[in-house]
Amino acid sequence: MKRFFFFVLSFCLIQHAAAQQQNVVVKSFFEQMSKANWTNAMQYMAPAMKEKLNADMLKGVWSQVEQANGKWEALTSQKTVREGEHYIVTAENNFERATLTFRVALDNDNRIVGFFITGSKPKQMVLNANEITDTVNTIDGGVLYGTLTQPEGRQHGPVVLIIAGSGPTDRDGNNLFLPAAESFSYQQLAQGLAANGIASLRYDKRGTGQSTAFQKPLTILTIDDYTADAEACIAHLQRSGKFSSISVIGHSEGGIIGLILAQHSHLKCLIPLSTPGETTDKVLLEQLKPRLSDSLYQQSVSILNDLRQNKTPAKVPADLHLLFNTGNFNYWKSTFRFDPCALMPTITMPVLIVGGAADVQVSPAQVTMLQDCKPGTNLVLIEGMTHALKNTNGISPDKKTPLPLSPELIPALVSFIRQ
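Residues numbered from 1 in each chain as written. Predicted model: local features only at pLDDT ≥ 70, side-chain atom pairs only at ≥ 80, totals over all residues. Heavy atoms only, no water.

Chemist: I would appreciate a short explanation of the state of the cysteines in the present structure.
Modeler: Here, disulfide denotes a covalent bond that connects the sulfur atoms of two cysteines. Taken as a whole and assessed by the stated rule, the structure comprises one disulfide. Cysteine Cys269 remains unbridged, with the sulfur of Cys233 as its closest cysteine sulfur at 17 Å. (Disulfide = S-S within 2.5 Å.)

Chemist: What am I meant to see in the pattern of salt bridges here?
Modeler: Any two side chains of opposite charge can pair if their charged atoms end up close together. All chains considered together, the criterion is met by ten salt bridges. Of the charged contacts in the structure, one is a salt bridge between Lys216 and Asp225, with a shortest N-O distance of 2.8 Å. Among the residues examined, Asp225 registers a relative accessible area of 12% and is labelled buried. What you see here is one network of salt bridges that share partners, running through Glu131, Asp172 and Arg202. (Salt bridge = Lys/Arg side-chain N within 4 Å of Asp/Glu carboxyl O. Buried < 20%, exposed > 50% of the residue type's maximum accessible area, 1.4 Å probe, protein only.)

Chemist: Sorry if this is basic, but what is going on with the side chain of Ser211 here?
Modeler: Relative to the assigned elements, Ser211 resides in the loop between β8 (199-203) and α6 (223-240). For Ser211, a relative accessible area of 0% corresponds to the buried category. With residues up to four places along the chain from it excluded, the contact list for Ser211 reads Val143, Leu144, Tyr145, Asp204, Lys205 and Arg206. (Helix = DSSP H or I, 4+ residues; strand = E, 2+ residues; numbered from the N terminus. Contact = heavy atoms within 4.5 Å.)

Chemist: How should the pairing of strand β7 (residues 158-163) be read in this particular structure?
Modeler: Look at any regular strand and the pattern is simple: side chains alternate between the two faces of the sheet. Among the six residues in β7, six count as buried, and that is most of the element. By the alternation rule, side chains of β7 split into Pro158, Val160 and Ile162 and Val159, Leu161 and Ile163, which are all buried. Inspection of the sheet shows β7 paired to strand β9 (residues 245-251) by six bridges, in the parallel sense. Of the residues in β9, the one forming a bridge with Leu161 is Val248. Where β7 and β8 come together, four bridges link them in parallel fashion. By the bridge assignment, Val159 is partnered in β8 with Ala199. Between the parallel elements β7 and β8, the chain passes through helix α5 (residues 185-194) in a crossover that is right-handed. (Pairing = 2+ DSSP bridges. Right-handed = clockwise from strand over helix to strand, strands pointing away.)

Chemist: Would you explain the environment of Thr326 in this entry?
Modeler: Considering the arrangement of structural elements, one finds Thr326 in the loop between α9 (294-308) and α10 (329-335). By relative accessible area, which is 62% here, Thr326 ends up exposed. Between the alpha carbons of Thr326 and Thr219 there is a distance of 7.4 Å; along the sequence they are 107 residues apart.

Below is the structure:
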């Protein structure tokens with residue numbers, strides 16, 4: 001028994017020492033990044049990473065992160081686990097405007113083989129005078145944190161539920177990978193509606209912003225979970241008794257969720273905003289084709305085919321790991337069940353499809369395709385509008401000030417909701 005105890009104790013000490021080594025590497029890496037010592041930061045990379053990433057590329061990645069979240073302040077916590085051939089360090093870093101969670105993978109030599117952001121939490125939520133924080137309880141015991149924006153001096157008017165697009169996009173329309181000038185689209189949308197007498201509720205999706213206290217792991221989430229959360233928000237608005245009607249504006253993937261819940265929710269109208277007409281996998285391949293080499297594109301096709309057949313891809317290249325990793329396989333599979341074109345004809349409420357002629361993520365052809373799925377559906381295609389709902393002619397004075405929404409967007413939405 002003493003020998004066994006000694007062995008266990010020794011093993012624990014060895015594991016603890018190894019974790020300390022990895023924590024030192026990760027801490028040093030972020031410190032070098034924060035000081036703009038890109039060459040020094042590259043020294044912590046594994047040889048394979050150095051072949052794909054150079055100091056200038058590292059600078060570009062970090063500049064984008066700090067542009068969206070402010071200057072780095074400190075690494076506040078680390079947790080190390082062993083996953084297969086790699087050590088995985090979950091590292092929380094404080095920036096001026098948010099706390100970001102990084103997932104850093106290291107090899108047996110304690111060299112970094114990959115890192116990416118898995119979550120963000122704003123440090124404080126700044127509310128306008130006509131906004132209040134609102135919370136919604138989900139069916140699995142979680143809490144969604146949102147913002148209710150109300151027109152000044154108007155009671156019992158219409159309300160809109162704003163459903164965010166894919167990825168780590170928060171209630172205000174901010175995303176880690178989005179330039180600061182293209183941020184705050186949903187907050188601007190809410191204010192534009194309020195100025196025209198329409199209230200709105202926007203919320204942080206589970207795993208985003210303040211909505212992080214959920215027992216169900218993100219790795220097993222499906223689009224059904226996000227749809228159930230949107231339904232909980234609609235029920236919350238109905239129970240309040242404060243509003244004369246409820247409509248939904250779903251942006252991008254949020255529009256697909258809107259199409260799903262419209263099958264059995266009582267809504268005044270539905271507005272799919274920059275929402276595709278094809279399934280998620282087809283839209284993704286359309287987005288990836290001009291951005292990837294032929295080899296990586298074909299591997300993406302193969303991975304999606306495996307997922308569509310409910311198989312686990314045998315191999316995912318490091319360059320595609322951010323898109324395709326075991327943590328999001330379940331989610332990808334769940335989206336293939338819902339074809340926007342098949343959902344459109346089943347909807348009986350009024351529908352307005354809105355797209356941007358300058359949108360490179362959900363092309364005008366995708367938006368027009370969605371209308372073709374149910375001929376006669378209202379369609380507004382706004383010239384110059386991007387996927388972030390901004391105008392391509394807009395110029396941010398300092399590249400940090402959010403651009404305004406495309407000027408034609410709010411009038412089109414208000415006119416339809418008021419009908």
